[in-house]
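# Secondary and tertiary structure notes
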Amino acid sequence: MKKLMILCLTLLAMTAQAQWPRPAEQTSPMTARKFTLNLTEDGAAQMVCFLPKTPSGKAIVGVPGGGYSVLSNTHEGTMASGWLNAQGIAYFVVNYRLPEGDRTKPMGDVEQGIRTVRDSAQVWGINPHDVGIMGFSAGGHLASVISTHSAFDVRPDFTILFYPVISMDERVSHKWSCRNFLGEEGQKDPKLVREFSTDKAVRRHLTPPACIIMASDDRLVPPVTNGVQYYSAMRNAGNECAMFIYPTGDHGFGFGPWFKYHDQMLAELGSWLKARQTPKPDAIRVACIGNSITDGHGIDMAPASGYPALLQKKLGDSYWVKNFGVSARTMLNKGDYPYMKEMAWADALAFKPDVVIIKLGTNDSKPENWQYGSEFRQDLEQMILTLRPDLAQPATKKKGKKAKTPVNAQSNAPQIYLCTPIPAFKSTWNINDAVISNEIIPIQQEVAQKYGLKVIDLHTLYAGDGDKMLDDGIHPDGKGAQRMADIIFEALQNK
């Protein structure tokens, strides 16, 4: 009886604001078209669509809250349509199925919503690379799950979280959201609790930029152990993230005009949305694959200051450069941390790049990894042929001529550049420059010649830049990252 009373009070707190008069639920004069689509064959999950009269190309998929037991889809759903459409933003409210013991149901419904928006992007005037997600309370948790766990093709390009449930530990979160999403048995499984506490799932470079909106006096979902934790995880990863915490407002204000800071919140959210840089739909896609040197180890806010980000600035907005670097990774599949077993590798393939820059090999030179050095060639070839299956039967090199790599922009045949590792100026972490010079680089050059790939000889071109390194002698500092971007930019220009 006590549990039932607590649940009723919780639901009352989440839906109390729904009694406010809601003129914003009426179709806005800035809405060109409103319609509803089924997301499941039986219509159990639906998506309410609001297309703006003057589309900007941006779209947002809305995920209402309700503790995973009801859907608060007015003030945390359709009420946002008028303001968003006035900004030229297409808006889609997903009325997802409740978990009822199966968390894959709401996850699958929201993923299907994002997939539908991207598949219909051209018809609806949407840039498929500018599709965000906006979740409220438990819907904020679901939005953060999609942002951290879902595959690349249904992961949003940006995330907006209103007073989100983040932790699945009911001791520091909203108890019923935790239990309804994981199930009571799931709450007893520490691995599941950690897996779906989304601050633990943030990935550097891979988790989309986020904006978090909360009230300091939220008594239902503690801000410090939820939204603030997500912000901290994003900032620690160097990912773009903003956080707006208002003095009062409690929980569940959503887009309701009763919220004291409603106008201020809209202005700040609008400014954040307008400031986001969006790739052009036809931009040339450049995937930067590599280890900690690509990742930007030791450079604060590396997603904005590492060599791929600096390369983006040099190439301009006709290109879309993404960083798929992961620290400590090896080309060797038997290495201690193989790159091709990472989410970043799956993302890089799903990105469907036109240009791929591969910079691996540094960590392979460690004795504990190079004991498997006889397999370096086959693992390198595996990566190349996964990116370019058309090269499985490489063209024979004509006498006196260099083999050419066919390039077809926006196709499945990207141009691949193999980068030799930069010099290891110190033997930190057992990294061995002699192995790099005498064994790894010759293999890279032979494989490049076999498949007609271009080589960027960073080992030679960066040899005089020992003053642009961190103290470990392995990782470039900010100036070193700029030097790498300059070298790779020149190579791309001389294609």
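Above this text you will find the structure in question.
Let me begin by describing the structure that accompanies this report.

Criteria and cut-off values
- Residues numbered from 1 in each chain as written.
- Predicted model: local features only at pLDDT ≥ 70, side-chain atom pairs only at ≥ 80, totals over all residues.
- Heavy atoms only, no water.
- Helix = DSSP H or I, 4+ residues; strand = E, 2+ residues; numbered from the N terminus.
- Contact = heavy atoms within 4.5 Å.
- Axes fitted to C-alpha atoms, helices over the stretch in contact; angles between N-to-C directions.
- Parallel < 35°, antiparallel > 145°, perpendicular 65-115°, else oblique.
- Left-handed = near helix turned anticlockwise from the far one by under 90°.
- Nonpolar A, V, L, I, M, F, W, Y, C, P; charged D, E, K, R; others polar.
- Expected span 1.5 Å × (residues − 1).
- Buried < 20%, exposed > 50% of the residue type's maximum accessible area, 1.4 Å probe, protein only.
- Core = buried A, V, L, I, M, F, W, Y, C linked by side-chain atoms within 4.5 Å.

### Observations concerning the environment of A491
Here A491 lies in helix α18 (residues 478-493). Along the primary structure A491 and R377 are separated by 114 residues, whereas in three dimensions their C-alpha atoms are 24 Å apart. Not counting residues within four places of it along the chain, the set of residues in contact with A491 comprises Y417 and I456.

### Things to note about the packing of helix α15 (residues 376-387) against helix α16 (residues 433-451)
The contact between α15 and α16 brings their axes to 10 Å, and the two run at 40°. It follows from the interaxial angle that α15 and α16 lie oblique. Where α15 crosses over α16, the two elements pack in a sense that is right-handed. Seen from α15, the contacting residues are F376, R377, L380, E381, I384 and L385; seen from α16, they are I440, I443, Q444, E446, V447, K450 and Y451. Of the residues in the contact of α15 with α16, the class split is 8 nonpolar, 1 polar and 4 charged.

### Structural notes on helix α5 (residues 138-149)
The end-to-end C-alpha distance of α5, which contains 12 residues, comes to 16 Å, matching closely the 16 Å that a straight helix rising 1.5 Å per residue would cover. With 11 of 12 residues buried, α5 lies mostly within the body of the structure. The complete set of buried residues in α5 reads A138, G139, G140, H141, L142, A143, S144, V145, I146, S147 and T148.

### A closer look at the nonpolar core
One finds F92, M134, I160, F162, I213, F255 and L269 to be the most contacted residues of the largest nonpolar core, which totals 81 residues. At 6 residues, the largest contribution of residues to this core is made by strand β7 (residues 210-215). What M134 contacts, discounting residues up to four positions off in sequence, is I60, V61, G62, V63, A80, L84, Y91, I160, F162 and F255. Grouped together as the second largest cluster of nonpolar side chains are 40 residues, A283, I384, I431 and Y451 included.

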